[in-house]
Every structure is written in structure tokens, then in C-alpha cells.
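Residue-level listing of the chains:
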Amino acid sequence: MGSARAIVGTEQTSNRGGLTIPVKEEPIPFHRAAFDEAEVSAVSEVVRSGWLTMGAKSFEFEKQFQEYIGAKHAISLCSGTAALHLALVAIGLRAGDEVLVPTTTFTATAEVVTYCGARPVLVDVDPLTMNLDPQDAARRITPRTKAIIPVHFAGQPCDMEEISRLAQHHNLNVIEDAAHSLPASYRGKRVGTISPMTAFSFYATKTLATGEGGMVTTDDDAFAAHIRRLRLHGISRDAWKRYTNEGTWYYEVEEAGYKYNFTDLQAALGLVQLSKCDALTEARRRIAERYSEAFADVIGLEAPRVQEDRTSAWHLYVLRLQPDRLNISRDKFIDALRERGIGVSVHFIPLHLHPFYRSAYGYRPGDLPNAEREYQRCLSLPLFPTMTNGEIERVIAAVTEVASIHQL
Ligand SMILES: Cc1ncc(COP(=O)(O)O)c(C=O)c1O
């Protein structure tokens with residue numbers, strides 16, 4: 001079979017045999033997994049063991065994750081979405097309740113609220129960080145508001161002190177959506193230890209990737225026990241052991257639960273990825289800093305800024321264009337980068353602009369103006385630990401070139 005890999009032309013040339021021929025460069029993907037032989041052999045070992053689903057490896061991963069974060073409990077789940085959902089079930093969210101969710105997020109954050117028959121109330125964002133704006137959240141609290149789900153957008157923690165104060169004042173549960181923020185910290189505290197419950201995602205593109213997967217961290221014994229039971233059909237303790245030699249065939253269903261468990265195959269990936277987590281974060285930070293240094297003096301570009309009292313996991317590098325200084329739209333800017341072989345994405349289309357949230361809850365364009373304004377001018381550049389220096393410099397050159405051509 002011939003190679004199906006796409007090749008893009010560049011201005012570079014090489015001199016081979018006296019002939020100057022154009023060098024074709026591979027496109028730079030938006031994301032590439034940071035796996036090596038260690039992950040391959042860890043997964044092989046699980047396959048050879050004969051035990052594929054949740055078992056000893058999953059519990060070892062939970063133990064190491066909880067130690068890494070510094071939380072009392074870590075409960076592994078099949079996705080970050082499942083982690084958010086079970087956190088909401090654990091607080092007893094019911095039909096008619098309301099939950100505050102930033103509009104700048106992935107739909108999973110709000111969708112889980114609808115699983116409980118409750119209503120996601122969308123909140124505008126702080127234009128600087130693109131994180132939920134606590135003051136806008138305060139304005140949207142009603143007697144039905146039961147919880148708030150701050151999302152640490154792109155990896156930078158939200159203003160958790162303001163959010164905790166608001167939550168205490170109005171008796172709201174705080175569930176942090178940390179899908180982007182492993183590892184990150186706020187005022188010296190690691191994300192995962194700040195609020196009563198925090199949900200992580202190990203989706204394929206996340207900073208710790210197991211393909212699919214998620215985790216809830218909590219210091220609360222009751223929340224932990226309930227989520228452990230809910231993830232496996234509401235069956236009594238150690239249900240997973242019923243097919244092992246130590247287990248027993250007898251079990252009791254204590255409530256209607258879910259099939260949301262993790263697997264040892266995923267845990268094998270997770271354990272290796274966790275051991276590299278700090279090094280991978282450092283690699284991301286280095287790339288982000290190089291980008292920001294390169295874009296600092298380019299007219300029309302605005303690099304992301306991390307507040308001094310927090311560290312970012314750098315899941316995403318969200319660049320913003322200054323529309324009054326460029327004569328190119330964000331969409332055309334992305335087209336121009338794609339033509340230059342650079343993988344680009346956008347995070348996120350605000351939820352209130354999607355057909356579902358408009359028709360189900362009556363949202364309209366203009367309702368959450370900060371989020372819309374930032375959405376119109378943001379784009380996410382490739383940011384993954386295995387980027388080579390050559391790739392980083394190619395991204396910088398392409399972005400700088402497109403901006404320079406279109407400066408006003
Ligand atoms: C902010 C945010 N929350 C939640 C999720 C859901 O995570 P998962 O894909 O593991 O279900 C994602 C996934 O992309 C996300 O970006």
C-alpha cells in the first residue's frame with residue numbers, strides 16, 4: 001500500500017546532486033500522543049495477565065494518582081464525563097435544580113447536568129483568562145441553584161478563592177472540572193485538593209492520556225464510597241472481585257448505578273503516563289513559553305497569560321487575535337495556517353450558541369458577550385510534549401508570517 005500521508009510544500013530547498021529541489025515537510029498535527037515503548041509493554045503485560053477490566057492495575061493507578069494529587073480518595077471512571085456526572089449524583093442533584101457552568105467549555109460539563117434532569121445555567125467568562133467570571137455567576141444564582149462547576153480553561157485554574165466564597169455564601173456544592181488541569185495549582189494548592197470534588201479526564205488528547213478515562217478526587221469518605229458503588233451498577237462493595245478467586249459469587253444491588261468503571265488496560269497506560277506527568281508538563285510549559293516569547297512583539301497577536309498565583313497544566317495554547325490591528329478574520333487566519341501545514345483548533349464554541357442550548361433553554365447570541373468576543377478571536381495552536389524544536393519554530397514562523405501580512 002502506498003503512503004497516504006499528506007505532504008505540504010514549503011519555501012525550503014535542498015541541494016541534492018547539484019539540483020535544487022523543494023523539500024516537502026510533513027504537516028504538524030494539532031496533537032500527537034506522548035507514548036513510547038513503556039506504554040506498549042505495560043499494555044502487553046495486562047493483555048498477557050488475562051485480566052482486562054477493572055482490577056489490581058486500576059487500583060494501583062488510583063493509589064498513585066491520589067498520592068500524586070495529595071487527595072484522600074481517587075476513584076477511576078470510564079471518562080471525565082462520567083466523573084462529572086457521578087459527582088453530581090453524589091451531591092443529590094435532582095430535576096428542577098440549577099447548576100452554574102461557564103459557557104466557554106466542552107458540552108460535557110453542562111450535558112451531565114441534564115442527565116440529572118437539572119438545568120445548566122451558563123455563565124460568562126473573564127476575558128483575561130477565559131475562565132468563569134465569579135461576579136457573573138453571582139448574578140445568576142437563584143433559590144434553585146445547587147452547584148457550580150468551574151472549568152480550569154486550557155489548564156489555568158479559576159479564581160477558586162472567589163468561587164469558594166460565593167459557594168459558601170449561597171450554600172452551593174463546588175465540583176471542579178479539571179479535564180484540562182493535570183497538574184496545576186492555585187495559591188500553592190494542587191488542583192484536585194481544593195474543592196469537595198474534582199473531575200479529571202484522561203481522554204486521548206489530555207495531558208495524561210489513557211484513550212478514554214476519568215477520575216474523581218475527594219477527601220470526603222461518603223462521596224468516595226457512593227461514587228465507587230455507582231460506577232459499577234450500584235452493586236455492593238468489591239463487586240469487581242466476583243469473577244476472581246478471592247471474590248464470591250454473591251452480591252447485592254443497592255441502588256440503580258451505572259457501567260462507568262475504568263479498565264486495567266487503561267490503567268496500564270495511566271501508570272506509565274503518571275510517572276512522566278511532571279516531565280510532560282515541563283515540556284509543554286517550555287513550548288508555551290517559547291511561543292509567548294516569539295509572539296510578544298508581533299502586532300495583532302495576544303499570548304495567553306497565567307496569573308501569578310497559579311500554575312497551568314498547559315493543556316492548550318490559546319492565542320488571541322486583535323481584530324482592530326489585523327485585516328483578517330480568525331477563520332481565515334486558521335485557513336492560512338492550515339495551508340502552511342499547521343494543525344489548529346478552536347476552544348470553545350460557547351455553549352449558548354449551540355442549537356441544543358438555544359432550543360432547550362432559550363439562549364441567544366449576545367447573551368454572554370465576553371465569551372462570544374473571545375471565541376471570535378481565539379485559536380489553539382499545536383502544543384504537545386513530543387513537538388520538535390523544528391516543529392515549534394515552524395508554527396511560530398507560520399503564525400508570525402500570517403499576522404505580518406495582515407497587520408493594519
Ligand atoms: C472541559 C472539559 N470537560 C469535560 C470533558 C469530558 O472529558 P471526557 O472526554 O473524558 O469525557 C472534556 C473533554 O474534552 C473537557 O474538555
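Since this is a predicted model, take the numbers as computed values, not measurements.

Caption draft 1: Focus on the packing of helix α2 (residues 56–69) against helix α8 (residues 264–295). Where α2 meets α8, the axes come as close as 8 Å, and the angle between the chain directions of the two elements is 25°. By the criterion of interaxial angle, the relationship of α2 to α8 is roughly parallel. Taken as a pair, α2 and α8 cross one another with a handedness that is left-handed. Within the contact between the two elements, α2 uses Ala56, Lys57, Ser58, Glu60, Phe61, Gln64, Phe65 and Tyr68 and α8 uses Asp264, Ala267, Gly270, Leu271, Leu274, Cys277 and Asp278. When grouped by side-chain class, the residues that make up the contact of α2 with α8 number 8 nonpolar, 3 polar and 4 charged.

Caption draft 2: Spotlight on the site of the ligand. Gly80, Thr81, Asp177, Ser201 and Lys206 are the nearest of the 16 residues found near the ligand. In this structure, Gly80 approaches the ligand through a main-chain N or O atom, which is 2.8 Å from an oxygen atom. At 2.5 Å from an oxygen atom of the ligand is found a side-chain nitrogen or oxygen belonging to Thr81. Burial of the ligand by the protein amounts to 91% of the accessible area it has alone, namely 380 Å². Put simply, the parts of the chain that give the shell around the ligand at least two residues each are α3 (80–90) and α4 (107–115). Looking at the shell around the ligand, its residues break down into 6 nonpolar, 8 polar and 2 charged.

Caption draft 3: Summary view of the sheet that holds strand β11 (residues 214–218). The sheet built from 7 strands is open, its strands ordered β3-β11-β10-β7-β6-β4-β5 with mixed pairing. Each edge of the sheet is formed by a strand with only one pairing partner; in this case those strands are β3 (73–77) and β5 (119–123). The average angle at which neighbouring strand axes cross in this sheet is 25°, direction not considered. Bridge analysis of β3 against β11 gives 5 bridges, and the strand direction is antiparallel. Across the sheet, residue Leu77 finds its bridge partner in β11, namely Gly214. Lying over the sheet, α3 contacts β3, β7 (173–177), β10 (197–201) and β11, oriented at roughly 160° with respect to β10. Its contacts with the sheet place helix α7 (residues 221–230) against β3, β10 and β11, and it is angled at close to 20° to β3.

Conventions adopted
- In every chain, residue numbers begin from 1 and rise along the written sequence.
- Totals for whole chains, interfaces and linings use all residues, but because this is a predicted model, local features are given only for residues with pLDDT of at least 70 and pairs of side-chain atoms are given and counted only at 80 or more.
- To get the side-chain values, all heavy atoms of the structure are used, and hydrogens and water are removed first.
- Every axis in this analysis is a line fitted to C-alpha atoms, fitted for helices over the stretch in contact. Angles between the N-to-C directions lie between 0 and 180 degrees.
- Secondary structure follows DSSP: runs of H or I at least 4 residues long count as helices, runs of E at least 2 residues long count as strands, and numbering of each begins at the N terminus.
- Orientation labels follow simple angle bins: below 35 degrees gives roughly parallel, above 145 gives roughly antiparallel, 65 to 115 gives roughly perpendicular, and whatever is left gives oblique.
- A clockwise turn of the near helix away from the far one marks a right-handed crossing, whereas an anticlockwise turn of less than a right angle marks a left-handed crossing.
- Residue contacts are defined here by distance: any two heavy atoms, one from each residue, within 4.5 Å place the two residues in contact.
- Charged means Asp, Glu, Lys or Arg here, nonpolar means Ala, Val, Leu, Ile, Met, Phe, Trp, Tyr, Cys or Pro, and polar covers whatever is left, Gly included.
- In this text, near means that some heavy atom of the residue lies within 4 Å of the molecule or strand in question.
- Whenever two N or O atoms come within 3.5 Å, that pair is a polar contact, provided that in protein one can donate a hydrogen and the other can accept it, and provided that, for residues adjacent in sequence, both atoms are side-chain atoms.
- Residue burial considers only the protein chains on display, and all accessible areas are found by Shrake-Rupley using a 1.4 Å probe.
- Should DSSP find at least two bridges between two strands, the strands are regarded as paired.

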